[in-house]
Amino acid sequence: MRLLGTTARAIAAQRWRWLGMALGFTVLYYALLLVFTMLRFWEIPNYVELHDTLHVYSLIFSGTPSWLDALPIMLAEPWFEAGYKNPDYYGVATWSYMLIPPRMVLVLLMGMCLATLFVLKRHGVCRATPHGDSKSTAAAGLGTTFISLTSATLTWVVCCSTPSWSVALAMLGMSTSLALWLEPVGNILMFAGLALLGVAIYFQARRVIENAQMQITIAN
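Parameters and conventions
Residues numbered from 1 in each chain as written. Predicted model: local features only at pLDDT ≥ 70, side-chain atom pairs only at ≥ 80, totals over all residues. Heavy atoms only, no water. Axes fitted to C-alpha atoms, helices over the stretch in contact; angles between N-to-C directions. Helix = DSSP H or I, 4+ residues; strand = E, 2+ residues; numbered from the N terminus. Parallel < 35°, antiparallel > 145°, perpendicular 65-115°, else oblique. Left-handed = near helix turned anticlockwise from the far one by under 90°. Nonpolar A, V, L, I, M, F, W, Y, C, P; charged D, E, K, R; others polar. pLDDT = per-residue confidence, 0-100. Contact = heavy atoms within 4.5 Å. Expected span 1.5 Å × (residues − 1). Buried < 20%, exposed > 50% of the residue type's maximum accessible area, 1.4 Å probe, protein only. Arc of directions from axis to C-beta.

Caption draft 1: Expanded view of the packing of helix H2 (residues 15-41) against helix H5 (residues 101-123). Contact geometry of H2 with H5 gives a least axis separation of 8 Å together with a crossing angle of 135°. Relative to H5, the element H2 is oriented oblique. In the crossing of H2 with H5, the sense of the turn from one axis to the other is right-handed. Here the contact of H2 with H5 is composed, by residue class, of 16 nonpolar, three polar and three charged.

Here you go:
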């Protein structure tokens, strides 16, 4: 409970900075994802589509008899799409970049965790050790890597038409067959990434408490 209290006080004391960083990390992630895709193919998107999400949801709802089937389909529908349609291949989109709600929420959670780490470091800046907490940094770095990779919603005609993190692996140079084989591991890595960010926050909050106690001891 003390760790939660310390974290809550750090966020409350810097709430606007925390909110700005959480949203900023989210926007930065999607901006870099688009830039990476453009540099990978050396192509600028030649189409942009804002999907009529409510209409699509109504079609799915009316055409799917079970909510258990309809809900996953609805959550997988993109809100926004941009990509490159190759005129040499009858206008087929060779690659696309999408914004899909569940993945956006995951990236926002990542941004909130990173913002929490930042405000904790600043909250204990007067008491922190010069080099910071290496355990917190390592856990945060690995967790951010896992979430950033598994949250990618890209398509590539070479792989498949379904947006997936395995497409990003193939774009990075991994063989298509191996990337698709690894696709089911994505959820495991995603939860592992969130857990690692939680561990990083734990170590950083504990460091703030330990340094505060040390300062009290020295003062006495």
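Caption draft 2: Representation of the confidence of the model for the chain. Across the chain, pLDDT averages 85, with 90% of residues at or above 70. Ranking the elements of the chain by mean pLDDT puts strand E5 (residues 160-164) last, at 71, and H2 first, at 93.

Caption draft 3: Quick look at the packing of helix H1 (residues 2-13) against H5. H5 packs onto H1 with a crossing angle of 90° between their chain directions and a minimal axis gap of 9 Å. One way to sum up the angle between H1 and H5 is to call them roughly perpendicular. Of H5, the residues touching H1 (which contributes Thr 6, Thr 7, Ala 10 and Ile 11) are Thr 116, Val 119, Leu 120 and His 123. Here the residues of the contact of H1 with H5 sort into four nonpolar, four polar and no charged.

Caption draft 4: Quick peek at unusual backbone geometry. Here the phi dihedral of Trp 42 falls at roughly 55°; this positive angle occurs in a residue that is not glycine. Within the secondary structure, Trp 42 sits in the loop between H2 and strand E1 (47-50).

Caption draft 5: Up close: the side chain of Thr 116. Among the secondary structure elements, Thr 116 is positioned in helix H5. Contact partners of Thr 116, with chain neighbours within four places excluded, come to Thr 7, Ile 11, Trp 18 and Ile 201.

Caption draft 6: Expanded view of helix H6 (residues 134-150). Taking 1.5 Å per residue, 17 residues should reach 24 Å; H6 reaches 24 Å between its end C-alpha atoms and fits that length. Among the residues of H6, those classed as buried are Ser 136, Ala 139, Ala 140, Gly 143, Thr 144, Ile 147 and Thr 150. An end-on view of H6 places all buried positions within 145° of arc, on one side of the element.

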